[in-house]
Amino acid sequence: MITENLSETSLFTDKKRKVVSATIRQKRLQLKCPKNKHKMKKIYHLLLIFLSMHSLHSQELSIPTFTQYLADNPFVISPAYAGIGDNVKIRMNGLTQWVGIKDAPDMQSLAGDMRISDNSGIGVFLYNDKNGNTRQYGGKFSFAHHLILDKYYDQFLSFGISYNLNQFRLEIENFNVPDMAVRDDRSVVNHNFDVAVLYRFQDFYFSFNASNILDKNLDKFNINEPGKLRNYQFYTGYIFRENRNSDFEVEPSAYVQYFESDGRSSTDLNVKLRWKDSEDYYWAGISYRFLNDQMLEPVNIGPMAGLKKSNFYFAYSYQLTTNELLAYNSGTHMITLGLDIFQGVSNCACTF
């Protein structure tokens, strides 16, 4: 069987969600019985395997996206942002999901982007992602070009492209229970591309990103699984402020993900408040994620906060799981550390 790096945002189909919910309810009732408490460790392990191992229609080779992009680093979701800003921007990120469940998903990443000319930029995103007995690691190498549509009204259009290198592997040496469908080492290297466009008009922004635009090669596993890896992201928002020199800003935003392989999708609704202190600033906000066919039933929700002091950046985000897993974990935690270095003001307004 092939596993997929899915989190509580895995956007199960209705049938799968019902099966997962019923299984968890059954295990919860069993745990209430003292004689079964010694089975808790085993149940946690089986629960994690059940959630992360689906049918052969589940290998996405995609990177989990929570609130990394809200840590003042939208480059991690769209290559079209590469090179915007006056610094070389570096962001290190640690994401731990479902704290309290053994072998729950865990990811580390390093992102950096910089301007290479007045209207062009490059970036790189490296990651290591582990979920149960599956691991994927790789990188994205990006280029963006920025155009001025109207300099007087600050209207810009940007295009970006990324080359993606991903290695996905089943760690069969860690299997506690033999799987007759997997008897040898299973790994695959996937090459793909992302393309993106970004439109900015004064304090409004909208980006569209198409990820993994090439179909994958199924010969490696010789099984019946979807060959389409494509997924699409829409990110938009507006910065409310009195003027460009205001010390206080309010920034609502929305982030939508759509997976072509099975039509599943989700939306993040976010609000950030930012206080400026000369060259430094502090911010706080909240994020609310839901499946697009269940708007009033959040997948997770949580606060976030951060600061930029001189060249140093720090952010923390907490996501509370609101589905059946709530009883078994204390939520998802994310920490971002960053540096903004080598300051140099651009001669083009499109990369300010």
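Along each chain, the written sequence defines residue order, and numbers are assigned to residues from 1. Totals for whole chains, interfaces and linings use every residue, but because this is a predicted model, local features are given only for residues with pLDDT of at least 70 and side-chain atom pairs only at 80 or more, for both listing and counting. To get the side-chain values, all heavy atoms of the structure are used, and hydrogens and water are removed first.

Asks: An account of the environment of Ala 144 is requested, with residue identities and associated values reported.
Replies: For Ala 144, the location among the structural elements is in strand 4 (residues 134–150). Along the chain, Ala 144 and Tyr 81 lie 63 residues apart, while their C-alpha atoms are 7.0 Å from each other. When checking whether two residues touch, look at their non-hydrogen atoms; a contact exists if any pair is within 4.5 Å. Excluding residues that lie within four positions of it along the chain, Ala 144 makes contacts with Pro 79, Ala 80, Ala 82, Asn 119, Ser 120, Gly 121, Phe 159 and Gly 160. A run of H or I in DSSP counts as a helix once it spans at least four residues, and a run of E counts as a strand once it spans at least two, with each numbered from the N terminus.

Asks: Quick one: what's the story with the nonpolar core, residue by residue and with numbers?
Replies: As used here, the term nonpolar core means buried Ala, Val, Leu, Ile, Met, Phe, Trp, Tyr and Cys residues forming a set that is joined through side-chain atoms within 4.5 Å. Throughout this description, buried means an accessible area under 20% of the type-specific maximum (1.4 Å probe, protein chains only), exposed means over 50%, and partly exposed covers the range between. Core analysis: the largest hydrophobic core is formed by 26 residues, its most contacted members being Tyr 69, Tyr 81, Phe 125 and Tyr 235. Of all the elements in the fold, those that place two or more residues in this core are strand 2 (106–117), strand 3 (120–131), strand 6 (186–201), strand 11 (280–291) and strand 13 (312–321). If we skip the residues at most four places from it in the chain, Tyr 81 touches Pro 74, Phe 75, Asp 113, Leu 198, Tyr 205, Ser 207 and Tyr 235. Residues Trp 98, Ile 101, Ala 104 and Leu 325 belong to the second largest nonpolar core, which totals five residues.

Asks: So, unusual backbone geometry: which residues are in play, and what are the values?
Replies: For Asp 72, which is not glycine, the phi dihedral falls at a positive 50°. Within the secondary structure layout, Asp 72 lies in the loop between helix 2 (40–52) and strand 1 (88–96). Judged by relative accessible area, which is 14%, Asp 72 ranks as buried. Non-glycine residue Ser 310 carries a positive phi angle of around 60°. With respect to the secondary-structure elements, Ser 310 resides in the loop between strand 12 (298–309) and strand 13.

Asks: Any details on the state of the cysteines? Residues and values, ideally.
Replies: For the purposes of this analysis, a disulfide is any pair of cysteine sulfur atoms at a distance within 2.5 Å. Here the structure, examined in full by the defined rule, presents one disulfide. Shown here is the disulfide that connects Cys 348 with Cys 350, its sulfur atoms set 2.4 Å apart. Judged by the sign of its S-S torsion, about 120°, the cystine formed by Cys 348 and Cys 350 is right-handed. Each member of the pair, Cys 348 as well as Cys 350, carries the same accessibility label: buried.

Asks: Any details on the side chain of Ser 287? Residues and values, ideally.
Replies: Within the fold, Ser 287 resides in strand 11. Classification of Ser 287 as buried rests on a relative accessible area of 1%. A distance of 2.7 Å separates a polar atom in the side chain of Ser 287 from a polar atom in the side chain of Asn 270. Each residue touching Ser 287, except ones within four places of it in the same chain, is listed here: Thr 67, Leu 70, Asp 268, Leu 269, Asn 270, Asn 300, Ile 301, Gly 302, Met 304 and Gln 319. Under the rule applied, a polar contact is a pair of N or O atoms within 3.5 Å (in protein, one hydrogen donor and one hydrogen acceptor; residues adjacent in sequence only if both atoms are side-chain atoms).

Asks: Describe the pairing of strand 3, and please don't skip the residues or the numbers.
Replies: Of the strand pairs in this sheet, strand 2 and strand 3 are connected by 11 bridges, and their pairing is antiparallel. Bridging across to strand 3, Ser 109 finds its partner in Tyr 127. Two successive antiparallel strands, strand 2 and strand 3, enclose a turn made up of two residues. Any two strands with at least two DSSP bridges between them are considered paired. Note that strand 3 and strand 4 share 12 bridges and pair antiparallel. Within strand 4, the position partnered with Phe 125 by the bridge is Lys 140. Counting the residues in the hairpin turn of strand 3 and strand 4 gives two residues, including Gly 132, whose phi is positive at 60°.

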